[in-house]
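As a plain string of letters, each chain reads:
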Amino acid sequence: MEKSLAFALAQDQTDELAGFRSLFHFPKHAGKPVVYFCGNSLGLQPVTAKDAVLQELEDWANLGVEGHFAGRNPWLHYHKLLTAPTARLVGAKPHEVVVMNNLTVNLHLLMVSFYRPTTKRYKILMEGGAFPSDQYAVESQVKFHGFEPDNAIVELVPRAGEHTLHTSDITAKIHELGDTLALVLLGGVNYYTGQAFDMQAITAAAHSVGAKAGFDLAHATGNLLLELHDWKVDFATWCSYKYLNSGAGGTSGVFVHEKYAQDNTLPRFAGWWGHNEQERFLMKKGFQPMYGAEGWQLSNAQILPMAVHKASLEIFDKATLPKLRAKSLRLTAFAEFLIEAFNAEQDQVKINILTPRNPAERGCQLSLVFDKKGKAIHQQLTATGVVADWREPNVIRIAPVPLYNSFEDVWRFYEILKEVIK
Ligand SMILES: *Cc1c(COP(=O)(O)O)cnc(C)c1O
């Protein structure tokens, strides 16, 4: 790697994914596209999203209720259009995934089925400082079953002086909890540190003590290569508006391992869309879940957010995840390289990277801790056309996203950072 604009431009020149940038709308600052490093929070809008939504609005205008059958993409089975591309994203068989609801809603629905505490086995292992929605979901599930959160929730915390977790410490904790452990529920990538967990090893450890393993993949889907089926993950869910670029509050994806596809003994909160579709409209008593993940659906498909999601997934299918991940490794390494260069060049501010240095333990995000003036620097960056996010007390998260960010974006970030420090 080289510390030069020429190097960055040369990388972009030979990047076979460079053309995907033009498929997204970039917000502008002073007439120029911003350096958008916030795709881990809200992905950019695909240019095709608007027509995808307009098509459904037109079909609704022209067909009314008939759109369920006569629409160009009949709404009755709209969610099924999302199944195959979703399965490809997470390494699942098609019947192991379904798109529905929102992330936290799905987390609850899945915990209804997979967190089944007994007086002996009732503990949940999660990350200390997990995303707040996950904390609240878990806390309320524990209380719902009559347990005390302080007793039932076990949090993983880094070793003294460290910021991220060792896989060996996670698996050791699982073994220590043994037959008191009901569920391991972690993020695939921690939202704050950007650490990617070894989901395969964690799942194997959970299963070895008789516990279930579930993952919140909000920061992992569309970011990492996932093999949920082969890793034997019990369940997972993710949102579509971060790396999947499907719009604020967009729909969510769910994975339920094939081994539960016909397990009608699992408790679940049911709705008509999860019922045997051959008989869905017979309006009969007696819930019969559909085979696989579709059996967890409650409601009929949310056509407008799903239309955006469909347009976005088509882009992922064209780019393909292995290529995206390969570019992501290089793009994030370039950002890391320039941040180290920045530290070496001046003495005013030092940036510590919280995110693991091992590329296998992270996605595209780097979480940067500023030893001083972090908030002021963030404000200046924002005022100069960099969109990155600030987390109290002193972290700026940057996510160079391989689908639409360029090496030149990373270079501009570095140049602007130097300007701001001056
Ligand atoms: C973004 C995110 C959420 C958000 O949940 P919603 O239900 O989509 O509002 C939850 N958990 C994690 C880990 C997240 O990163």
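Computed from a predicted model, the values in this text were never measured in an experiment.

The rules we used
Residues numbered from 1 in each chain as written. Predicted model: local features only at pLDDT ≥ 70, side-chain atom pairs only at ≥ 80, totals over all residues. Heavy atoms only, no water. Salt bridge = Lys/Arg side-chain N within 4 Å of Asp/Glu carboxyl O. Helix = DSSP H or I, 4+ residues; strand = E, 2+ residues; numbered from the N terminus. Buried < 20%, exposed > 50% of the residue type's maximum accessible area, 1.4 Å probe, protein only. Phe/Tyr/Trp six-rings, centres within 6.5 Å; stacked < 30°, edge-to-face > 60°. Contact = heavy atoms within 4.5 Å. Pairing = 2+ DSSP bridges. Right-handed = clockwise from strand over helix to strand, strands pointing away. Domains from an automatic or database assignment. Buried area = accessible area lost by both parts, 1.4 Å probe. Polar contact = N/O pair within 3.5 Å; in protein donor to acceptor, adjacent residues only side chain to side chain. Nonpolar A, V, L, I, M, F, W, Y, C, P; charged D, E, K, R; others polar.

Enumeration according to the criterion identifies 26 salt bridges in this entry. Measuring nitrogen to oxygen at the nearest pair gives 3.4 Å for the salt bridge that ties E16 to K323. Of this pair, E16 sits in the loop between α1 (5–13) and β1 (24–25) while K323 sits in helix α11 (residues 321–345), placing them 307 residues apart in sequence. Residue E16 is classed as exposed on the basis of its relative accessible area of 59%. In this structure K323 comes out as partly exposed when scored by relative accessible area, which is 37%. R362 is paired through a salt bridge with E336; the nearest N and O atoms lie 3.0 Å apart. Of this pair, R362 sits in the loop between β13 (351–353) and β14 (366–370) while E336 is found in helix α11, placing the two residues 26 residues apart along the sequence. For R362, a relative accessible area of 2% puts it in the buried group.

Evaluation of the coordinates by the stated rule reveals 17 aromatic pairs. A centroid spacing of 6.1 Å and a plane angle of 20° characterise the contact between F114 and W296, whose relative ring orientation is stacked. With F114 in helix α5 (residues 103–114) and W296 in the loop between β12 (252–256) and α10 (303–319), this residue pair connects regions lying 182 residues apart in the sequence. Of the two residues, F114 and W296, neither departs from the other in class, the shared state being buried. Aromatic pair W411 and Y414: ring centres 5.1 Å apart, planes at 50°, arrangement tilted. Taken together, the residues W411 and Y414, both in helix α13 (residues 407–421) and three residues apart, mark about one turn of the helix. Relative accessible area serves as the criterion here: at 9%, W411 is assigned to the buried category. The rings of F7, F334, F337 and F407 are connected pair by pair, giving a single aromatic cluster.

Before going further, it helps to examine helix α4 (residues 83–90). Counting buried residues along α4, six of its eight residues qualify, which places the element largely inside the surrounding structure. Of all the residues in α4, the buried ones are T83, P85, T86, A87, L89 and V90. Those residues of α4 that are buried are in contact with β6 (97–100), β11 (235–239), α10 and α11.

Our next topic: the pairing of strand β10 (residues 212–216). For β10, the buried fraction is high: four of the five residues fall into the buried class. Of the pairings in the sheet, the one linking strand β9 (residues 181–187) to β10 comprises five bridges and is parallel in character. Of the residues in β10, the one forming a bridge with L186 is F215. Handedness of the crossover joining β9 and β10 through helix α9 (residues 199–208): right-handed. Of the pairings in the sheet, the one linking β10 to β11 comprises three bridges and is parallel in character. For D216, the partnering residue across the bridge sits in β11 and is T237.

We now examine unusual backbone geometry. Excluding glycine, a negative phi dihedral is what most residues carry, and trans is how most peptide bonds are arranged. Note the cis peptide between E392 and P393, where omega equals 0°. Tracing the backbone through its elements, the reader meets P393 in the loop between β16 (389–391) and β17 (395–398). For A30, which is not glycine, the phi torsion reads 50° and is therefore positive. In this structure A30 comes out as exposed when scored by relative accessible area, which is 76%. Phi at K232 takes a positive value of approximately 65°, unusual for a residue other than glycine. Within the secondary structure layout, K232 lies in the loop between β10 and β11.

What follows is about the domain arrangement of the chain. The figure often quoted for interface size is the accessible area lost as the parts come together. Here the chain is described as being made up of domain 1 (5–33 + 321–421) and domain 2 (53–318). Relative to domain 2, the C-alpha centre of domain 1 lies at a distance of 30 Å. With 27 residues of domain 1 in contact, the opposing surface of domain 2 contributes 20 residues. Carbon and sulfur atoms make up 63% of the surface buried where domain 1 meets domain 2, a total of about 2,000 Å² over both sides. For the pair domain 1 and domain 2, the number of links is zero salt bridges. Inspection of the domain 1/domain 2 interface yields seven residue pairs in polar contact (both at pLDDT 80 or more). Of the residues forming the side of domain 1 that touches domain 2, the biggest block, four residues, is contributed by α11. Partitioning the side of domain 1 that touches domain 2 into residue classes produces 16 nonpolar, five polar and six charged.

In this structure, M100 sits in strand β6. A relative accessible area of 4% means that M100 is categorised as buried. In this structure the C-alpha to C-alpha distance between M100 and Y78, which are 22 residues apart in sequence, comes to 11 Å. In this structure M100 touches N106, L109, T251, S252, V254, W296, Q297, Q302 and M306, once residues within four positions along its chain are discounted.

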